[in-house]
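Survey of secondary and tertiary structure
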Amino acid sequence: MSTRLRSMSITISLTMAFAVSAQDSNNELEHITVNGQPTSSLIVSPKDSIVDGPFGKNKQITEISRTLTSISEDMLEQLSIDDLQDVLVLVPNTYAASGFGAPSLPTIRGQLGEVFQEGLRRQGGNNGFGIPLSFNSVGQIDIVKGAPSVLLGTTQRNGGFVNLNNKTATLTGSDVSLLVSAGSWDHYRGQLDIDKAIEEGKSGARVSIELIDNGSFYDYSAYQSEDVYVAYRLLPDAQSSWDVSFEYYNVDFTDNAGINRPTQNLIDHGLYITGQGVQPNGSEVPGAFAVISPTGEVPISRSTVLTDPDNINNVQTYLFHSTYERQLNSIHSLTNRSYFQYLDREEIAQNSFVEIIDGAKTAQNRIEINSIWNPQQQTTWGFDIRYNDVVGYSQFTTEADLPIDLLGTLEQRRIPLTEAQEARLVELRPGVFVSPGANYDVDGDGINDFSTSDTTDSTTWQSGVFVEQQSDWSERFSTNAGVRADYYDVAAQDALAPQGQIAAHDTYNTWLYSGSLSANVKLQDDLVTYASYNYSEATSNSIAGGTALGADNQINPLNFETINELFEVGIKYAPSQNPWYADASIFEQTRSLRNRDGSNSGIVAKGFEGQVVYQGQKLWATLGYSYLDARYDDSASFQDSQQVADAFDNSRPDIIVGTGIGAPNFAGFAPSNQRVQGIPEQTVSMNAGWMISENWDISASAIYSKSYPLDYLATVLIRDQITINANTTVALSQHAKLRFEVQNLTDEKNWRPVFEGGYFGSTLVFPELPRSVQVTYRHNF
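Given the structure is predicted, the values throughout are model-derived calculations rather than measurements.

Rules and cut-offs
Each chain has its residues counted from 1, running along the sequence as written. Totals for whole chains, interfaces and linings use all residues, but because this is a predicted model, local features are given only for residues with pLDDT of at least 70 and pairs of side-chain atoms are given and counted only at 80 or more. Side-chain calculation: all heavy atoms of the structure are included, whereas hydrogens and water are not. Numbering goes from the N terminus for both helices and strands, where a helix is a DSSP run of H or I of at least four residues and a strand is a run of E of at least two. For the radius of gyration, the atom set is restricted to C-alpha positions; the globular benchmark scales as 2.2 Å times the number of residues to the power 0.38. Only protein chains enter the calculation, and the probe is 1.4 Å; a residue is then buried if its accessible area is under 20% of its type maximum, exposed if over 50%, and partly exposed in between. Note on definitions: a residue-residue contact is assigned when non-hydrogen atoms from the two residues lie within 4.5 Å. Areas reported as accessible are Shrake-Rupley estimates using a 1.4 Å probe. Residue values count occlusion only from the protein chains shown. By the counting scheme adopted, Arg and Lys are positive, Glu and Asp are negative, and His together with the chain ends is not counted. Just so you know, the charge point we use is NZ for Lys, CZ for Arg, CG for Asp and CD for Glu. Any two strands with at least two DSSP bridges between them are considered paired. Each nonpolar core is a collection of buried residues, namely Ala, Val, Leu, Ile, Met, Phe, Trp, Tyr and Cys, held together in the definition by side-chain atoms within 4.5 Å. To pair, rings of Phe, Tyr and Trp, with the six-membered ring standing in for Trp, must have centres within 6.5 Å; the planes then decide the type, stacked if under 30 degrees apart, edge-to-face if over 60, and tilted in the middle. Salt bridge criterion: a side-chain nitrogen from Lys or Arg within 4 Å of a carboxyl oxygen from Asp or Glu.

What the protein chain contains, in helices and strands, is five helices and 42 strands. Compactness check: the protein chain gives a C-alpha radius of gyration of 26 Å against a globular reference of 28 Å for 781 residues, within 12% of the reference. Dimensions of the protein chain, computed from C-alpha atoms along their principal axes, come out at roughly 80 × 55 × 50 Å. Per-residue burial for the protein chain yields a buried fraction of 58% across its 781 residues. Here the analysis covers contacts within the protein chain between residues at least 6 apart in sequence; of these, 69% occur between residues at least 24 apart. Of the roughly 30,200 Å² of accessible surface on the protein chain, 56% is carried by carbon and sulfur atoms. Here the protein chain contributes 49 positive and 93 negative side-chain charges, whose respective centroids are spaced 6 Å apart.

A word on the sheet that holds strand β9 (residues 160-166). Spatially, the five strands line up as an open sheet ordered β3-β8-β9-β6-β7, and their pairing is mixed. Unpaired on one side and paired on the other, β3 (68-72) and β7 (120-121) mark the two borders of the sheet. Sheet topology note: the strand β6 (residues 114-117)/β9 ladder contains four bridges and is parallel. Bridging from a neighbouring strand, Val115 pairs with Val162 of β9.

Attention shifts here to the sheet that holds strand β41 (residues 764-767). The strand order across the open sheet formed by three strands is β15-β41-β40, and the pairing between neighbours is antiparallel. Among the strands making up the open sheet, the edge pair consists of β15 (259-260) and β40 (751-752). The sheet contact formed by β40 and β41 spans two bridges and is antiparallel. Within β41, the residue paired with Arg752 across the bridge is Phe766.

Now for the environment of Thr168. Counting through the fold element by element, Thr168 comes out in the loop between β9 and β10 (174-183). You can call Thr168 partly exposed: its relative accessible area is 42%. Not counting the four nearest positions on each side in its chain, Thr168 is found in contact with Asp195, Arg206 and Asp243.

Along the polypeptide, Ser184 turns up in the loop between β10 and β11 (187-199). Given a relative accessible area of 19%, Ser184 falls into the buried group. Placed 287 residues apart in sequence, Ser184 and Ser471 show a C-alpha to C-alpha distance of 54 Å. Other than its neighbours up to four places away in sequence, Ser184 contacts Ser772 and Val773.

Turning next to the pairing of strand β30 (residues 600-615). Bridge count for β30 against strand β31 (residues 619-632) is 13 bridges, and the pairing is antiparallel. Within β31, the residue paired with Lys606 across the bridge is Asp629. In this antiparallel pair of consecutive strands, β30 and β31, the connection spans three residues.

What follows covers the nonpolar core. With 63 residues, the main nonpolar core has Ile71, Ile81, Leu90, Ile141, Ile143 and Ile259 as its most contacted residues. Elements with a contribution of two residues or more to this core: β3, α3 (73-78), β6, β8 (138-145), β9, α4 (264-269) and β41. Of all the elements, β8 adds the most residues to this core, at four residues. Those residues within four positions of Ile71 in sequence are excluded, and the remaining contacts are Leu76, Ile81, Val87, Leu90, Val91, Gln140, Ile141 and Ile143.

With the rule as written, the count across this model stands at 24 aromatic pairs. A ring pair is formed by Tyr487 and Trp511, whose centres lie 5.2 Å apart and whose planes are at 55 degrees; its orientation type is tilted. Of the two residues, Tyr487 is situated in strand β25 (residues 477-493) and Trp511 in strand β26 (residues 505-524); the sequence distance between them amounts to 24 residues. Given the relative accessible area of 42%, Trp511 is considered partly exposed. Ring plane angle 45 degrees and centroid distance 4.9 Å describe the contact between Tyr533 and Phe567, whose orientation is recorded as tilted. Placement of Tyr533 in strand β27 (residues 527-538) and of Phe567 in strand β28 (residues 562-573) is noted, with a sequence separation of 34 residues between them.

One ladder, built from nine bridges, connects β31 with strand β34 (residues 682-693); its direction is antiparallel. Bridging from a neighbouring strand, Tyr625 pairs with Val684 of β34. The sheet contact formed by β34 and strand β35 (residues 696-705) spans ten bridges and is antiparallel. By the bridge assignment, Gly689 is partnered in β35 with Ser699. What sits between the antiparallel neighbours β34 and β35 is a turn of two residues.

Moving on, we come to the pattern of salt bridges. Inspection of the entire model under this criterion finds 29 salt bridges. Across the pair Asp193 and Lys167 runs a salt bridge, and its minimum N-O distance is 3.1 Å. Taken together, the positions of Asp193 in strand β11 and Lys167 in the loop between β9 and β10 put the pair 26 residues apart, joining distant regions of the chain. The exposure classification of Asp193 matches that of Lys167, with both residues buried.

What follows is the structure, given as structure tokens:
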């Protein structure tokens, strides 16, 4: 038994002892808890979901003029949704890259989105190189398409956003649940959730502990985490409520770059071209413009990926949330939301990549006043202040993936820095070299002497004011209009200036604006159409949400001039008298994509998406479809290399017709309206479940994605793909149930991009997991 599993068993045993003794002191409460049906009714349909925060207070889905899907805690468990990629099974247009095996941000309508929790934006790392999310604290997930509302404010990523709603403490009775699971490749998970009223009807507390100890199908990979979540709820009086929570999360995980050299033969037949790249200077250490003379084309195991047993990748973070609500009088109610997060990250890879966040502190407080002037007119207004302070170090200038022969030795994957490369970096600690946060001409020859990445020591104050007006002009017609202004005050300096140099620094301040206008027309009591327009000015940030100095050692004003627009028209059908729900929308959204070098490319995305949901007494089903046409908006694009063939010479045209240019070659493509690579044009998702009896149910899901180009020049295609999952749950008693699930039931050999934006499209591709099984036991005390 591993140390983490032994720790888990001790923790659960001690906490269970406490929980049982607490229940024994109140037998009546225990009696109330255990009565009920053996299998709880699933909440599948979103039509009865209440959305609190992003668009005001306690809104129904039909009142919101945007495409939105709410996923209940029941459905998170039923469909095994435990990371942001999994939401595609229920939410159209959320197909995502692998995020180097550990996605930290959602992908919505072909672009990265934001993560909010309790209506406040979480610290998310650097463009997806953040931390995996634990769902231990999550009670409901709301997925919204398009830029955040004016209540939430300007952000960096505008494809859409996920709002995580925390588990809350009960005010009546108590409930204790224990969950343990085991699956393929030594996957183990344990969760203990204790929910208990302290003073009936007035206060309650909840503690949820989750420990995960996962081996991996992939070589040199693992995932181990501990998450502790504590929540407290208090009703001080009849007019107010206060929810407060604390979460601690510690995770060691693997940065999984997938398989390099993604040729069509690799995608279609699992064949890999061997041979180590040679740099122009004759070195076989992976480096820029290396050329490979192919030595063969052989089958490769899908578990053989670009990982290394000596890589270090750890994140520790803790979060505090507080939501206080009070009815001030018959017209005005107040909501005060507060948040603080501290994050540390250390990733040191053997391929020379380094990202170290040496303390990122984020705090935010927003006051919302909801004023109901009369039944037809209400205003939500308030002000918001956010603080972000980060010290971070990075180094990605010497990575080179294509030259590596993945079937060679581990040493062939590693990139020891040369003296010349070290001279262009700064030694953070013995043997760890990172880029300085600015550039310097040390020898006075007019040429900068250092290689820069995202290193920064920066502080940002964001202060915002907002107002949103909801007007019901008749029983059938209503409008919503909102505006917001955010003032940014930013200071950035070099976190690690080279010896003998004065650290460069700069300040910048500006106003950013956002606005929205929408109209709802109720064609019938259960049929609503809407039209919506959203405009926002967003930021373009670097590591841990900080701001890095540009090439001229100044803050680039373009980082604060990212304009996003959304036009959307939709319809929602939510009858109260039958088990159906449906919605559909068409949209056009323009936004900017932050490139690896810090520049921005314009993207325009047009499409259609829809879903139908049926929830009966014993049968439920969902069907979702999305069409997405995402293109560069007369903008340039960048890739690690023009195409995979650049890495090879033409000595073996029977294997590949190589160009001999060498790779990586840091290719740039002229402004165009080319389709954005790495995104399927069409996806279909289907889910169905049947309660065979009170004690037994089965369900299945399927996801189809249409063929799409992996790289900019479309030299390699990901073919049409389908993934089918199935599960069954048996209630062993009133207190216990057993669940068995199979992922990738038909054992498809599917692929997906490694990272959003297509930069690595000609370099890397991620092999999805083969068939796997998992058994889960849950006991309610």
